[in-house]
Amino acid sequence: MRASLIQIGVDPDESVTSRRERAAALVREQSAADLVVLPELWPVGAFAFDLFEEAAESAAEGPTAVTMAQAARDAGVWLHAGSVVERTAGGELFNTALVFAPDGTLAATYRKIHRFGFDRGEATLMSAGSAPVTVAAAGARLGLATCYDLRFPELFRALTDGGAQLLVVAAGWPEKRAEHWNLLARARAVENQAYVLACGTAGSHAGVPQAGRSAIIAPWGETLAEAPDATEQVVTAELDLGELARVREEFPVLKDRVLR
């Protein structure tokens, strides 16, 4: 299968409406892919805390969902549309990832479990998700994670236990911790013998420079494709699910787990 990560730039001077349409156009350009991935909170910016309340929308019927559903249909691809600030009917806010099927159907949502910020920002403004999410897509099973989740290996083990073959991480990871981004993404691939699709943003979020460096990593830890910097670009690679099965069969480390 062919996967493309769109490392879209977030410019505070660009309107959210403009960025939605631009993201949709970039998705349509990836019609040769089977799976396309966008980063975390790209409509508003992961560090634009002051805008979360204003930017909040319905995960199923909001403007981002409607625009991305149409883009998935137009391109005929599975689309992990990154995440949005979701407002529920009860008024709670969540950092929610959206996955669309090629016919535009909303196939899965994932509410970010681990909120970043300690005693400020996302950690105080948003509610936490409560359950790991996997979804069958593009001939594989995806395990969904968002940014700060990458630091919690137990979540990725739960996704692997749920059958995940591809671990998809949508992020707004800051440049000052870029080395952690690369190290942790490779670690999650190796320890779970899974492909990791780690999609970050270009530009800056509320003045916080982004790491970029979106990457597709194989189950043995090789980086198949990587953005060298934090400029807007598309990262693409071919994934071999047969190779994943061979790695797990020939080096069956997951069978030797003792603590669960």
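None of the values given here were measured: they were computed from a predicted structure.

Draft legend 1. Spatial organisation of the sheet that holds strand E7 (residues 134-137). Read from one edge of the open sheet, 6 strands run E7-E8-E9-E10-E13-E14, paired in mixed fashion. Two strands in the sheet have a free side with no partner beyond their single neighbour: E7 and strand E14 (223-226). Across this sheet, the average inter-strand angle for adjacent strands is 20 degrees, counted without regard to direction.

Draft legend 2. Inspection of the state of the cysteines at higher detail. Using the criterion set out here, one finds 0 disulfides in the structure. Cys147 provides the cysteine sulfur closest to Cys199, a residue in no disulfide bond, and the two sulfurs are 11 Å apart. Since its relative accessible area comes to 0%, Cys199 is described here as buried.

Draft legend 3. Examining the side chain of Glu14 more closely. Tracing the backbone shows Glu14 in the loop between strand E2 (9-10) and helix H1 (16-28). For Glu14, the side chain forms a polar contact with the side chain of Ser18, separated by 3.1 Å. A distance of 2.9 Å separates polar atoms of two side chains, one belonging to Glu14 and the other to Arg22.

Draft legend 4. Structural context of the nonpolar core. Counting residues in each nonpolar core, the largest one holds 53 residues, and the members touching the most others are Leu166 and Leu197. Those residues in contact with Leu166 that sit more than four places away from it in its chain are Met1, Leu35, Ala140, Arg141, Leu142, Gly143, Tyr195, Leu197, Leu239 and Leu241.

Draft legend 5. Seen up close, the environment of Phe100. Relative to the helices and strands, Phe100 is located in strand E5 (residues 93-100). Given a relative accessible area of 2%, Phe100 falls into the buried group. Linking Phe100 and Ala65, residues 35 residues apart in sequence, is a C-alpha distance of 8.9 Å. Beyond its immediate chain neighbours, meaning those up to four positions away, Phe100 contacts Ala65, Met68, Ala69, Ala72, Val77, Trp78, Leu79, Ala81, Thr105, Leu106 and Ala107.

Draft legend 6. Quick peek at the pattern of salt bridges. Taken as a whole and assessed by the stated rule, the structure comprises 16 salt bridges. Note that Arg19 is salt-bridged to Glu14, the shortest N-O span being 3.3 Å. On the basis of relative accessible area, Arg19 is assigned to the buried category, the value being 2%. Note on Glu14: relative accessible area 17%, which makes it buried. What you see here is one network of salt bridges that share partners, running through Glu14, Arg19, Arg22 and Glu232.

Draft legend 7. The arrangement of unusual backbone geometry in detail. Of note in this structure, Leu41 is not a glycine but carries a positive phi near 45 degrees. Positionally, Leu41 belongs in the loop between strand E3 (35-37) and helix H2 (52-55). Its identity as a non-glycine residue notwithstanding, Gln193 has a phi of 50 degrees, on the positive side. For Gln193, the position within the fold is in the loop between helix H6 (178-192) and strand E10 (195-199).

Rules and cut-offs
Residues numbered from 1 in each chain as written. Predicted model: local features only at pLDDT ≥ 70, side-chain atom pairs only at ≥ 80, totals over all residues. Heavy atoms only, no water. Pairing = 2+ DSSP bridges. Helix = DSSP H or I, 4+ residues; strand = E, 2+ residues; numbered from the N terminus. Axes fitted to C-alpha atoms, helices over the stretch in contact; angles between N-to-C directions. Disulfide = S-S within 2.5 Å. Buried < 20%, exposed > 50% of the residue type's maximum accessible area, 1.4 Å probe, protein only. Polar contact = N/O pair within 3.5 Å; in protein donor to acceptor, adjacent residues only side chain to side chain. Core = buried A, V, L, I, M, F, W, Y, C linked by side-chain atoms within 4.5 Å. Contact = heavy atoms within 4.5 Å. Salt bridge = Lys/Arg side-chain N within 4 Å of Asp/Glu carboxyl O.

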